Each structure stands twice: as C-alpha cells, then as structure tokens.
Amino acid sequence: MTRQPCSSDPCGPGEVCSIYGNDVALCDPCVAPDAIHNPRCRPQCVLNTDCPFNMACLQSQCQDPCPGSCGYNALCTVERHRPVCYCPPDMHGNPYEQCKPQESPRETCDSIRCGANTQCKQQNGVLACVCKKNYYGDPLVGCRPECVVNTDCPISKACVNSRCVDPCVDACGVNAQCKVVNHLPICFCPPTHTGDALVACTERTYLPPDNTPCDPNPCGPNSKCRTTPDGYAICSCLPGYRGVPPACQAECMINAECPQNKACINLKCADPCPGTCGVGARCEVLNHNPICSCGANQQGDPFVICESRQNEPPIEQRNPCDPSPCGPNSLCQVRSRRPVCSCQPNFIGSPPACRPECVLSSECPQDKACINDKCQNPCANACGANADCHIVAHSAFCSCRAGFEGDAFIGCSAVPKDTPKDVCYPNPCAENAICSEHNGAAKCTCITPYLGDPYNTGCRPECVLNSDCPSHSACVNQHCRDPCPGVCGTNADCTVANHIPVCECSRGYVGDPFRGCRKDIPPPVAPKDPCASCPSNSVCRVVGGRPTCSCAEGYRGTPPACRPECSSNEECPHDRSCINLKCKDPCPGLCGINAQCQVINHKPFCSCQRDMIGNPFEQCYPKPAEPVHPCQPSPCGAYSECREIDNRAVCTCVAGMLGAPPNCRPECETDQDCPSNRACFNQKCRDPCVGSCGYNAECIVLPATIDLNVTV
C-alpha cells in the first residue's frame, strides 16, 4: 500500500505539497510550474548587472551599498554598483576610516601630492606616492581596499574585513562540507551523514519505528514538524530561515551576508550597537563593525563610560602630553616638543579612535571568539575530561571521544563493556543526550538544562562564553541573562556594556558604586581640594598644583571608568571564579579528603582520585579489590543512585540533580554558581534575604554579602 501524505491537502493556499521520503509532506510555494513568476521564489537580482547603476545586488536584493561602507565624516557615491568613499573638500584623510579637518596648507604627501591610503617615499629629493599594503588604485588620486562589499570580489569569494577570502574556511560544522554560491557559504552534510551542517553532521542511524512521526524530527535542522490527523509529518522552515526542508539555512553565517550597517550575530543580521558601547557613548556601524566614541565635550573610555569634560582654568602646559590629547586607549609621546599619539598594544585603529581588537565574535576569524576584547580560542578549558572540542561559528562545541559518553561540557565516562543487548546500546543518541526506551524504541532527550537536537546534532548549553550571548546580556550559569541584578551597591545604577555590568552612583550620590553610594552632602565649610575632581575608585596625586587621577590598587581601567577586577565569573579565565570582586581559584577548602578539584568553565568539580570511591565532597576511600555486587560500591558517582537490572548497574541522577552519571551535580556548590542576586543554600540558588531582616527593614543582595538597610 502506497502512503500518500499529501492526500489530505495539508498545505495552505498557493503552496504545493511534495513528498520527501515516503511519509513526509513538504510545503513549498516554489515548486509549481509558474513559480518563476512568483516574487517569493525568484530573487530580485543575482548579479550587479540585474540592478540600476546606483544599486548593488546584496542578499538577492537591489540595495544602496553606501550605508556603513565609509568612515567618519566621509561621503559616498555609487559608481557602477560599487561604493566609492571620499572626503569633503575641507577635510582630508582615509575616507574608508576617518576624514579630519584640513590643517594649514603644507606641502606634504597627505594633503597635496598623494591621495588617501598612500605612502610617500622621498628618493633623491623626489616624492613618490605608492598605495599602502592591501590597497589598490591610483596613488595620486586615492587607493581603496581590496573590497567593500561582496560584489567587489570574484563570485567564489566574500568580502571579509576588506579582503576577498574564501567564505567556507571554518564556516561549517563538524564533518560538514561547504560550497560557495554567489559569494555565500552553503553548508551541507555528505550523503552518508545527517544533521545540522552549521553545527555537526553524524553518520545516519536508523532507529526503530515510533508511533510519533515527528520524533525524531524527519524535517532536518532549523525546521518545524507538524502531524496531520491521518498521522503524517509536515515540514517547513522556522521563521527567519530560508530554503526548503531538510536544507533550511540560517539568515547569515558571516558578516558579508548582511548589509554593511549590520553584523551577523547568532546567525541573524542585527544591529551590533545595542549593549556594545559604554554609558553615554555613541555608536556607529562601519563595515559591519560597531565603532564606539565619546562626544566632543566628553571624556572617558567609550567602551565603558563617557562623562562630561570638566572645564579647567587654562594653565601653562609644560608637558604637551599632560593631559593627553590622544584619546582613550592610546599612548602619548613627546617628540620635538609636540605630542605624538599611537594606540596601546592590542588596540587597533588610529588616535583618537583606538578600539579593542574585537567587540563582537563576528569581527574574529571563524575559529576564534571575542573574549575580553581579544580574538582567542574559545575551546580553552571549555570541555570536560575525555572530550574533544570543535569550534563552530566562533563557539565551542564539545563532544565525547570514541568509547566515552556523558556530558561533554563536564566530563565523559567510559562506555560499559559486555552489556546485554538493549535498544540504547550502542547509544543511538547524539552528544549530551540521554537514551531511554519508549514503546520498544530508543527515545533521546537532552541532558537538563541543555538544548538542541538529541538525535542528530547533539545538545549544548545556551552559552559557554559571553560571546555566545547578545551584547546586552552575559553567560551566567550557561544561560544568557542580564548580569546587572545584585552586582551594584545601594543607590547605584547598572548598565551593560558588551556583556559586562558597569555600575555608577545615581544622580546626587557619591561613593563606590560596587558597594554602596551615599547622598552627596557638601560640608558647610571646606577648603578647596584639587583632588575633589577625581572620581570614585581612584587615587589622586597633585603635580604642579594640578590633580592627576589614576585607578586605585585592585581596580582596572582609567578614570572615570575605574572598575574592580571582576563583577561576574565571565570576566575571569575559565579556571577562575569571581570571589569578592577578584578572580580567584574556587577550589581551596571545597573538596573532601583524598579528592581532587578541577575548575571547568569557572565552576569547581570535585572527584575521587584514581582507584578511589566515595563522596568527593566528604572523603574518598580505596576501591575494594573485588566488587561483590554491581552496585556495591556504587560506580555511579556522587549525587546518583544505582539500580541493579539484569546483573548490571544502571545509574541515574537523584531527584533535583543535573547532568548524567557519573557527573551528576547540584544546581550550585558555591555562591559563585548562582546569579549575583542569589546565594547557594542546600545546593539550591535561593534569595538570601528571605527571613534575614527584622521588622520594617529592607534587604538588598550584594555580591558575597547581605546588606541590611534599616528603614527608620
């Protein structure tokens, strides 16, 4: 009997139902004979020549290529589909970076003889203009980068950071293949594999039939499955994904797939500015990258906080570098009685617009992530024991090695040998998933609280690094959360700048915003203190009658943006936790006798040493030579229970515990495992204020302390 999943007409009007496999219906409006006339099916353009001369073909649409292509104060015009940047007549500089006001006319390479992005060489008294490295064009007119938009490159390459490169390099998941179609990387699994090509492809496994046609999902990744009344599966792509199941593609994989004024963030084209810059700073997007800067009458680090510049009485300047005219994140050196500015190490750009190496992971190569403003390997200390790490789209993807199973982000244990035949042996589930028997078939579910496809691509936490989250949130306990609650002191306001909470005293209050602010009540008679202008968390030195402010010991940054070493775990290395605003080792005094401690992703994990068993949080004992019973002693590890089934030990985590044996773990072990407005009580994250304060009293939770604020 032939199955007909399309017989019930499950698709909407205007869509065509086609059969995928034997029992899956695909709804697609673009397979009908007249689909070429359907605007939803045929792209507006494929090449630049399909568009007017003042437009370019971007994302299959004819769009203006100028937004986000040129630098500060630069103008843009479109010539034959390509954006051409130039400085206004009264300004000069690199129009692809920044145009500056024209100085007094002098016979120099920059102002008269040579164009933008050139170098001037003097040989035998003759000036010669040449284009800078990786710039091309007429040096007397101006040189431009190798590319600004994708259409400047061959069709097999994409424009990444102004260079034409192969977009397939490190773009796809584990065991996936890639091909370039019209500048864009298209990832797909080999015929012998299945899964999400953007994450991982696994060898095809044929599970026993189940009564539910949508479990496991037959539609492929990034798709949704619905069941018809007569028991068939209907597949369609999730909102925001393009294509047809089982090949639904994300909106973007690299920045070059987005408009110039947007960036590829978590596989979506989005504005990179929200939550990226500091308090009071302005943000502009240049070639997919967010550029933060303070206003003309402001000072400070634009990636932390900008404050109004204080008007100081003019004083004769002996040192042209005091105060520095170079802007934040820069160095000032005196040469020939004039200040010469340069960016600090690990910062890029040119003063006064020095910026970190990266702000978003999309500014880094595919095999790096933006960690603490630097492009670094996200796999460092990200996975547990006996696990391998692969980098997929800037994120760490952990998987157990062959012959091991369990939670790859915590630790993998060896697969039991000589086990009786079972639907779950060998384990048909993907990484970080648990197998159970359901109606005689293997049913796979993700380990709590992991997310993903337990059958094909595997499960992983919502986040491992801050860079896995939007800029206005941080990775707290493997979830993207607002890092502000409980971080700042009383009478202080909190703002998130690039995943990091920034505290400042409320208007009319002074003090340490990380501990508490008090009302600013000026004394009735006070002598004029030159150090009064120094902000909180800073020290003052008076040099020549003028105050010089610097951050206090234990604080980093530059005034007025002095902040502690850390305010959350995510600001510390993977093997450290934030304890009392310092990055410290959380292991001392935590584990029991004969136990060892390992820090994985900021969290301490206790385990018994080799050939020892017991509760690692209390005491480990030598393992008996001959186990009398499969569950005596228990091979399941701490926080687990052992049951004997068919003369073998079956391990499960006890109620209320997370993970999978032998790596069962409580919700928390120390206060640092909880959000900053919660504390660890009986291995649960709870509000420490409940029952702590007296009558008519208020309770406010601060890091590592309980602040009792008595209301009179």
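Residues numbered from 1 in each chain as written. Predicted model: local features only at pLDDT ≥ 70, side-chain atom pairs only at ≥ 80, totals over all residues. Heavy atoms only, no water.

(A) Main features of the side chain of Ser 330. Within the secondary structure layout, Ser 330 lies in strand E27 (residues 330-335). We classify Ser 330 as buried; its relative accessible area is 11%. Aside from chain neighbours lying at most four places away, what touches Ser 330 is Ser 342, Cys 343, Gln 344, Pro 351 and Cys 354. (Helix = DSSP H or I, 4+ residues; strand = E, 2+ residues; numbered from the N terminus. Buried < 20%, exposed > 50% of the residue type's maximum accessible area, 1.4 Å probe, protein only. Contact = heavy atoms within 4.5 Å.)

(B) Molecular detail of the pairing of strand E28 (residues 338-343). Both E27 and E28 contribute to a ladder of six bridges, which runs antiparallel. Looking across to E28, one finds that Arg 335 is bridged to Arg 338. Where E27 folds back onto E28 in an antiparallel hairpin, the turn is made up of two residues, including Ser 336, whose phi is positive at roughly 55 degrees. (Pairing = 2+ DSSP bridges.)

(C) A look at the sheet that holds strand E20 (residues 233-237). Within the open sheet, the four strands sit side by side as E1-E2-E20-E19. Their pairing is mixed. The open sheet terminates on both sides in strands that have one partner only, identified here as strand E1 (16-20) and strand E19 (223-227). Strand-to-strand twist in this sheet, taken as the mean axis angle between neighbours without regard to direction, amounts to 30 degrees. (Axes fitted to C-alpha atoms, helices over the stretch in contact; angles between N-to-C directions.)

(D) The arrangement of the pattern of salt bridges in detail. If you walk through the whole model with that rule in mind, you get six salt bridges. With a shortest N-O distance of 3.7 Å, Lys 368 and Asp 367 are connected by a salt bridge. Given a relative accessible area of 27%, Lys 368 falls into the partly exposed group. The salt bridge partner of Arg 460 is Asp 468, with a shortest N-O separation of 4.0 Å. Residue class for Asp 468 comes out buried when judged on its relative accessible area of 9%. (Salt bridge = Lys/Arg side-chain N within 4 Å of Asp/Glu carboxyl O.)

(E) Summary view of the state of the cysteines. Taken as a whole and assessed by the stated rule, the structure comprises 38 disulfides. Covalent S-S linkage joins Cys 505 and Cys 517, the inter-sulfur distance amounting to 2.0 Å. Measuring handedness by torsion sign, the sulfur bridge of Cys 505 and Cys 517 sits at about -80 degrees and is left-handed. Here the residue Cys 505 occupies a position in strand E44 (residues 500-505), and Cys 517 occupies one in strand E46 (residues 516-519), the gap between them amounting to twelve residues. A disulfide bridge connects Cys 587 with Cys 597, and the sulfur atoms are separated by 1.9 Å. Because the torsion about its S-S bond is -70 degrees, the bridge between Cys 587 and Cys 597 counts as left-handed. With a gap of ten residues between them, Cys 587 in the loop between strand E52 (582-584) and strand E53 (595-600) and Cys 597 in strand E53 connect regions that are remote in the sequence. In this structure Cys 597 comes out as partly exposed when scored by relative accessible area, which is 30%. (Disulfide = S-S within 2.5 Å.)

(F) Fine view of unusual backbone geometry. One non-glycine residue, His 81, adopts positive backbone phi at about 75 degrees. Looking at the secondary structure, you find His 81 in the loop between strand E5 (75-79) and strand E6 (82-86). Despite not being glycine, Asn 491 has its phi angle at roughly 60 degrees, a positive value. Structurally, Asn 491 can be placed in the loop between strand E42 (479-481) and strand E43 (492-497). Judged by relative accessible area, which is 37%, Asn 491 ranks as partly exposed.

(G) A look at empty space enclosed by the protein. The final tally for this structure, using the stated rule, is two cavities of 30 Å³ or more. Of the voids in this model, the largest cavity is the one considered here, and its volume is about 40 Å³. What lines the largest cavity is simply Phe 409, Ile 410, Gln 478, Ile 600, Asn 601, Lys 603, Phe 605 and Arg 665. Taken together, the residues of the lining of the largest cavity sort by class into four nonpolar, two polar and two charged. (1 Å grid on protein atoms, 1.4 Å probe; cavity = no way out; pocket = protein on both sides within 12 Å on 5 of 7 lines; lining within 4 Å. Points joined across faces, edges and corners; volume = space filled by probe spheres on them. Nonpolar A, V, L, I, M, F, W, Y, C, P; charged D, E, K, R; others polar.)

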